[in-house]
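# Summary of the model geometry
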Amino acid sequence: MKAIYLKKTGLALMAVMAMASCSDVVDIPSYDPYSCDGAPVIEAIYDAQDISETPQAITGGVLNQMIKIKGKNLSHVKSISFNGLEVDVRHAVYAERDFCNVTIPRKIPEEVTNKLIYTTEQGTVTMDFPVNIPNLKLEGLKNEFVLQGDKVQVMGDYFDLYGFSKDEEQNTAKITIHNDAAGYSEVIPTDSITETYMGILIPKDAPDNSLITFEWEGMDGRKTKTIPYRMSDQLMYGNFDGDFGWWNDWFKAQLTWGGNIGDPKCLGYQYIRLQKNQDLSSSIIGSWSWNSTGFGCNWRWLDASAHPEKYVLKFEVCTASSKPFYNYGDNGKAGSRNGGYMLTLNGGTRNQWDPVSDGLNNTYGEWQTISLPLVDCLGGSVLPTEPDQWVSLEFVCQPNSDDDWQIDHSFGQFRIEPAEY
């Protein structure tokens, strides 16, 4: 029993000695990612999407971009501003002591200072950091022949930044549709708008051959741009009624007013729904087959003859949802991009129209306006300089692959218009 007692006494003594030695050790505080011991310091800025092992520092940004600020004492943020525009620090900022993720506001500043100002509870740091301010991008209506009373998308970007708003109190921009010859003018409200989309509703009484003028406050003053609406006076073939010198019956046999099953909506004029090969026996267009037709009209666009670089050939196109455009480059063969759709005026070198390369794969059963430079469609040919001279339009469809094509594509409202109004 004595031995056991001594053993227990020894263990107790060792425990007491260990506790005594611990009393001499200084406690090491745990790391606090939100601690701050001075004014903020910015060492570098990166795109927050750059997650590579060696991200590249950036010296400027763009609207709505998330950036990562690296430095010291960046926590406890009170405010961050770019060009005087303050960030909502509660919802668009996450900060620790050595970094901060922040989104640049998607707004137009009153003054471009090119300064980033970062303020915490213990100080402020200011640095040069320019933010690119985009100009309003306004291209035109997605479908210039949309019917009166229908909604249409305005093609472009940054509308919300320049005062276009569905809210009348916030709307500082103005959209007016007008036709001076008819004595018509009406302000159009913005029907719907997001960061990437703006739609307007065409008035039911708007006449054809009208212009739509957009007005907004730019960075350097009031800006305006005018785009066309239903320029029916510029149609080359109207309703395709009568004899236009058709080369064959391929196109002519596929004219429709939109009353057949699967037809796109009629825009007021007869159009071509192309879904059969040249002998009209099948909906399959054979690989490398040459399907060509053409028609003509008396030329009356004499200013376009003198200045073709200022004019465009326009038409509306519609693809069935299940029949998108083919990618001319899919087969990877050298020279194969020479096929596909070709539209050429007045016998010039054939001009390839490649919608997929232009970013258009499918219109999903809706009409969309296409604008081709008149110079390209001429292919080196010369237009008449006297009125009522005959000009032809050749249309070719040649599948440029070893696979047959199955198409259901509609075309209408071929016309000549100025590139800019």
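I will try to describe carefully the structure that is included in this document. Being a predicted model, the structure only gives us computed values, none of them experimental.

Further remarks concern the packing of aromatic side chains. Taken as a whole, this structure holds 33 aromatic pairs when the rule is applied. Geometrically, the ring pair formed by Y271 and W367 is edge-to-face, given 5.0 Å between the ring centres and 85° between the ring planes. In this pair, Y271 is assigned in strand β20 (residues 271–274) and W367 in the loop between β25 (352–353) and β26 (368–373), connecting sequence segments 96 residues apart. The buried category is assigned to Y271, whose relative accessible area is 1%.

Here we take up the pattern of salt bridges. Overall, the coordinates contain 19 salt bridges when judged by the stated rule. D408 serves as the salt-bridge partner of R273, at 2.8 Å between the closest nitrogen and oxygen. Placement of the pair is R273 in strand β20 and D408 in the loop between β28 (405–406) and β29 (409–418), with a sequence separation of 135 residues. Put simply, E316 and R415 hold a salt bridge, and the shortest N to O gap is 2.9 Å. On the criterion of sequence distance, the pair formed by E316 in strand β23 (residues 311–319) and R415 in strand β29 is long-range, its members being 99 residues apart. Three or more residues are tied together by salt bridges with common partners; here these are E144, K314, E316, R415 and E417.

For the rest of this paragraph, the subject is the environment of Y184. By the element assignment, Y184 lies in strand β14 (residues 184–187). At 2.8 Å, the side chain of Y184 forms a polar contact with the side chain of D205.

Another point: the sheet that holds strand β6 (residues 93–95). Taken together, the four strands give an open sheet; going across it, the order is β1-β3-β7-β6, and neighbouring strands pair in antiparallel fashion. Pairing within the sheet leaves two strands with one partner each, and these edge strands are β1 (41–47) and β6. Each strand axis lies, on average, 20° off the axis of its neighbour in the sheet, ignoring direction.

So, on to the side chain of E316. Of the residues examined, E316 reaches a relative accessible area of 0% and is grouped as buried. Side-chain polar atoms of E316 contact the side chain of R415, separated by 2.9 Å. In contact with E316, other than residues within four places in its own chain, are N143, E144, F145, L267, W367, Q368, T369, S410, F411, G412, Q413 and R415.

Once that is clear, we can look at the state of the cysteines. According to the stated counting rule, one finds zero disulfides in the structure shown. The thiol of C297 is not disulfide-bonded; the next cysteine sulfur, from C377, is found 13 Å away. Accessibility expressed as a relative area gives 5% for C297, which makes it buried. Since its relative accessible area comes to 0%, C377 is described here as buried.

Along the chain, R106 turns up in the loop between β7 (99–103) and β8 (115–120). Take R106: its relative accessible area is 18%, and that puts it in the buried class. A polar atom in the side chain of R106 sits 3.3 Å from the backbone oxygen of E195. Beyond its immediate chain neighbours, meaning those up to four positions away, R106 contacts L63, N64, D157, Y158, D160, L161 and E195.

Attention now moves to the nonpolar core. Formed by 46 residues in total, the largest nonpolar core has its most connected members in I69, I80, F82, Y118, I212 and F214. Here F82 is in contact with I67, V87, V102, I104, P105, K115, L116, F129 and V131, once residues within four sequence places are set aside. With 43 residues, the next largest nonpolar core counts Y237, C377, L378 and W405 among its residues.

Sheet strands associate in pairs through backbone hydrogen bonding, adopting either a parallel or an antiparallel arrangement. In space, the four strands of this open sheet follow the order β11-β12-β16-β15, with antiparallel pairing throughout. The sheet is open, and its two borders are formed by β11 (137–141) and β15 (190–193), each paired with just one other strand. The average angle at which neighbouring strand axes cross in this sheet is 30°, direction not considered. Inspection of the sheet shows strand β12 (residues 151–157) paired to strand β16 (residues 198–201) by three bridges, in the antiparallel sense. Within the sheet, the bridge partner assigned to K151 lies in β16 and is L201.

The rules we used
- Residues take numbers from 1 onward in each chain, read along the sequence in its written order.
- Under the rules for a predicted model, residues below a pLDDT of 70 receive no local features and side-chain atom pairs below 80 are neither given nor counted, while totals for whole chains, interfaces and linings still include all residues.
- Side-chain figures throughout are based on the complete set of non-hydrogen atoms in the structure, without hydrogens or water.
- Aromatic rings from Phe, Tyr and Trp, with only the six-membered ring used for Trp, were paired whenever their centres fell within 6.5 Å, and each pair was classed as stacked if the ring planes differed by under 30 degrees, edge-to-face if by over 60, and tilted otherwise.
- Secondary structure elements follow DSSP: runs of H or I no shorter than four residues count as helices, runs of E no shorter than two count as strands, and numbering proceeds from the N terminus.
- Here the term buried applies to any residue with accessible area under 20% of the maximum for its type, exposed to any over 50%, and partly exposed to those in between, with areas from a 1.4 Å probe on protein chains only.
- We count a salt bridge whenever a side-chain nitrogen from Lys or Arg sits within 4 Å of a carboxyl oxygen from Asp or Glu.
- Here a polar contact is taken to be a pair of N or O atoms separated by no more than 3.5 Å, where protein atoms must pair a possible hydrogen donor with a possible acceptor and residues adjacent in sequence count only if both atoms sit in side chains.
- One requirement defines pairing of two strands: DSSP has to find at least two bridges between them.
- What counts as an axis is a line fitted to C-alpha atoms, over the stretch in contact for a helix, and the angles between N-to-C directions run from 0 to 180 degrees.
- Residue contacts are defined here by distance: any two heavy atoms, one from each residue, within 4.5 Å place the two residues in contact.
- Two cysteine sulfurs form a disulfide in these notes if their separation is within 2.5 Å.
- To qualify as a nonpolar core, a set must consist of buried Ala, Val, Leu, Ile, Met, Phe, Trp, Tyr and Cys residues joined through side-chain atoms within 4.5 Å.

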